[in-house]
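Single-letter residue listing:
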Protein chains: 2
Amino acid sequence: MSGYTESMRNLIEEFAKMPGIGPKTAERLAFYILKTNRETAGALARAIVRIKEATRFCAVCNNLSEQDRCDICRDQKRDTSVICVVENPEDIASIEKTGSFQGIYHVLLGTLSPLNGVGPDDLKIKDLIARLRNGAAKEVIIATNPDTEGEATALYLIRLIKPLGIKVTRIASGIPMGTNLEYIDQASLIKSIEGRHQV
Amino acid sequence: MSGYTESMRNLIEEFAKMPGIGPKTAERLAFYILKTNRETAGALARAIVRIKEATRFCAVCNNLSEQDRCDICRDQKRDTSVICVVENPEDIASIEKTGSFQGIYHVLLGTLSPLNGVGPDDLKIKDLIARLRNGAAKEVIIATNPDTEGEATALYLIRLIKPLGIKVTRIASGIPMGTNLEYIDQASLIKSIEGRHQV
């Protein structure tokens, strides 16, 4: 990277560390920072520093939060009788965007993954069981991803929660809306047939 | 973007201001910053602030520089008898990467663009002529882009420099290496035929 100043090389390297940002994109971003006004660049730098200082996990559900309890747990209008269990805080954001869920959440902060040495004690499973024992939950929706690790985690949780006498449900898998049967993978098609419902 | 904390929304917004970064990528980058260690995030923030403070234009050639004169102008081993004229500092970086040019540069900081109100006085053309009058240059390579504005700028410069008795050359246009004649645009193919050379 000769032809660049040291601070330019440095910024390109820092950008290139980010996921999905190759050397070309890192260069483009660095030139954008170089050319933008000092205010915009400063705002980005401050936002990066601030998120590290301001963000922690919600004491109740492990969602991202800037306070002891997250926005959702503090919201009086949410239905505390339904808890949706997700792998990561990102998943909460995805579900919230749909606007189709009014209950509360519990974030496991990962999935069971024996190969990577992640067991039940490494996830927020004990906290979930404690919440269910002491709380008002009538239904638990297991919304881990429909992949190998997410499915294994779901099975583990179902076995753990059912004895508590709480209704356990699993989000539906199948053919995504707008997709053609012809192009869908076999596993999704099987799920879609298994999960058929009367109309 | 409910489901996100305020600092998270803020960081996503700042990332999304960058060119080619859509909302999805901005989210991914923000989550990366959130999950990475404080040191990595701090290094990125510092690199952003630093480049705005440390970088200016070389007093001789208008390349990016952290000192009065850029690395290339200070390099005693460069051949000062050949000046390559480019539109932007990015172009220097591109040419330097090839390792095929040992001369020095002159950055115009733009192209002639009457439609956008950019005339000769808005570019570093006077500086170039002054350098040529006072310097040791024997050849000027016009390496503006082979598009409408770059071509117009090249023509303007050629007319200006020729009377000084200095050799003026233009970088070759044609079919990119590895490309098939079948897939190349007509303008490049015409340039390629016009620019044919005896072998």
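Remember, it's a predicted structure, so these values are computed and weren't measured experimentally.

1. With respect to the overall build of chain A
Turning to step 1, where the next piece is worked out: Each helix and strand in chain A was counted, giving eight helices and six strands.
Turning to step 2, where the next piece is worked out: The N-to-C order of helical and strand elements in chain A reads α-α-α-β-β-α-β-α-β-α-β-α-β-α.
Turning to step 3, where the next piece is worked out: Across the 199 residues in chain A, those meeting the buried criterion constitute 44%.
Turning to step 4, where the next piece is worked out: In chain A, the share of contacts with a sequence separation of at least 24, taken over all contacts with a separation of at least 6, comes to 46%.
Turning to step 5, where the next piece is worked out: On chain A, roughly 11,200 Å² of surface is accessible, and the fraction owed to carbon and sulfur atoms is 52%.

2. Here we look at helix 7 (residues 148-161) of chain B
All names here are of chain B.
Turning to step 1, where the next piece is worked out: Its 14 residues place the ends of helix 7 20 Å apart at the C-alpha level, agreeing with the 20 Å of an ideal helix rising 1.5 Å per residue.
Turning to step 2, where the next piece is worked out: Along helix 7, the positions that sit buried rather than exposed are Gly150, Thr153, Ala154, Leu157 and Ile161. On an axial view of helix 7, the arc spanned by its buried residues comes to 105 degrees, and they lie on one face. Turned more than 90 degrees away from the buried face of helix 7, the exposed residues are Thr148 and Arg159.
Turning to step 3, where the next piece is worked out: Contact partners of the buried residues in helix 7: strand 3 (79-86), helix 6 (125-134), strand 5 (139-142) and strand 6 (167-170).

3. Observations concerning the packing of helix 2 (residues 23-35) of chain A against helix 3 (residues 38-54) of chain B
A pair of packed helices is captured by two measures, namely the crossing angle of their axes and the spacing between those axes.
Turning to step 1, where the next piece is worked out: Where helix 2 of chain A contacts helix 3 of chain B, the two axes come as close as 9 Å, and the packing angle between them is 55 degrees. Of the possible angle classes, the one that applies to helix 2 of chain A and helix 3 of chain B is oblique. Where helix 2 of chain A crosses over helix 3 of chain B, the handedness of that crossing is right-handed. Contacts between helix 2 of chain A and helix 3 of chain B involve A:Ile33, A:Leu34 and A:Lys35 from the first element and B:Ile48, B:Ile51 and B:Lys52 from the second.
Turning to step 2, where the next piece is worked out: Taken together, the residues of the contact of helix 2 of chain A with helix 3 of chain B sort by class into four nonpolar, no polar and two charged.

4. Looking at unusual backbone geometry
Residue and element names in this part refer to chain A.
Turning to step 1, where the next piece is worked out: Its identity as a non-glycine residue notwithstanding, Asn62 has a phi of 70 degrees, on the positive side.
Turning to step 2, where the next piece is worked out: Residue position: Asn62 is located in the loop between strand 1 (56-57) and strand 2 (64-65).
Turning to step 3, where the next piece is worked out: Residue Asn62 is classed as buried on the basis of its relative accessible area of 5%.

5. What to know about the side chain of B:Thr55
All names here are of chain B.
Turning to step 1, where the next piece is worked out: Mapped onto the elements, Thr55 comes out in the loop between helix 3 and strand 1 (56-57).
Turning to step 2, where the next piece is worked out: Residue class for Thr55 comes out buried when judged on its relative accessible area of 17%.
Turning to step 3, where the next piece is worked out: A polar contact is formed between the side chain of Thr55 and the backbone oxygen of Ile51, at a distance of 2.8 Å.

6. Notes on the interface of chain B and chain A
Interfaces are often sized by the accessible area lost when the parts come together.
Turning to step 1, where the next piece is worked out: At the interface, 50 residues of chain B touch 50 residues of chain A.
Turning to step 2, where the next piece is worked out: Interface area, chain B with chain A, both sides summed: about 4,900 Å², of which 65% is carbon and sulfur.
Turning to step 3, where the next piece is worked out: If you sort the residues of chain B by the area they bury against chain A, B:Ile48, B:Ile51 and B:Lys52 come out on top, with a joint share of 13%.
Turning to step 4, where the next piece is worked out: The tally of links from chain B across to chain A stands at six salt bridges.
Turning to step 5, where the next piece is worked out: Across the salt bridge formed by B:Glu27 and A:Lys97, the nearest N and O atoms sit 2.8 Å from each other.
Turning to step 6, where the next piece is worked out: Secondary-structure elements contributing two or more residues to the side of chain B that touches chain A are helix 1 (6-16), helix 2 (23-35), helix 3, strand 2 (64-65) and helix 5 (89-98) of chain B.
Turning to step 7, where the next piece is worked out: Each residue belonging to the side of chain B that touches chain A can be placed in one class, and the counts come to 23 nonpolar, twelve polar and 15 charged.

The rules behind each value
Starting afresh in each chain, residues are numbered from 1 along the sequence in its written order. For this description, chains carry letters from A and ligands carry numbers from 1, given in the order in which they are written. This being a predicted model, a pLDDT of at least 70 is required before a residue's local features are given, and a value of 80 or more before pairs of side-chain atoms are given or counted; all residues contribute to the totals for chains, interfaces and linings. Derived side-chain values reflect all non-hydrogen atoms in the structure, with water molecules and hydrogen atoms excluded from consideration. Strands are runs of DSSP state E lasting at least 2 residues, helices are runs of H or I lasting at least 4, and numbering of each runs from the N terminus. Whether a residue is buried, partly exposed or exposed follows from its accessible area with a 1.4 Å probe, protein chains only, as a fraction of its type maximum: under 20%, in between, or over 50%, in that order. A contact between two residues is defined here by any heavy atoms of the two lying within 4.5 Å. Per-residue and other accessible areas follow the Shrake-Rupley method at a 1.4 Å probe size, with only the shown protein chains counted as cover for residues. To estimate how far a helix should reach, multiply one less than its number of residues by 1.5 Å. In this description, the arc belongs to the directions extending from the helix axis to the C-beta atoms. Comment: axis = line fitted to C-alpha atoms, over the contacting stretch for helices; angle = value between 0 and 180 degrees taken between N-to-C directions. Oblique is the label for any angle not covered by the other classes, which are roughly parallel (under 35 degrees), roughly antiparallel (over 145) and roughly perpendicular (65 to 115). By definition, any crossing whose near helix is turned counterclockwise from its far helix by less than a right angle is left-handed, and any crossing with a clockwise turn is right-handed. Only Asp, Glu, Lys and Arg are considered charged, only Ala, Val, Leu, Ile, Met, Phe, Trp, Tyr, Cys and Pro nonpolar, and every remaining residue, Gly among them, polar. For this analysis, a polar contact is any N or O atom pair within 3.5 Å, provided that within protein one partner can donate a hydrogen and the other can accept it, and provided that sequence-adjacent residues contribute only side-chain to side-chain pairs. By definition, the buried area sums, over both parts, the 1.4 Å-probe accessible area that each loses when the two are put together. Every case where a carboxyl oxygen of Asp or Glu lies within 4 Å of a side-chain nitrogen of Lys or Arg is listed as a salt bridge.

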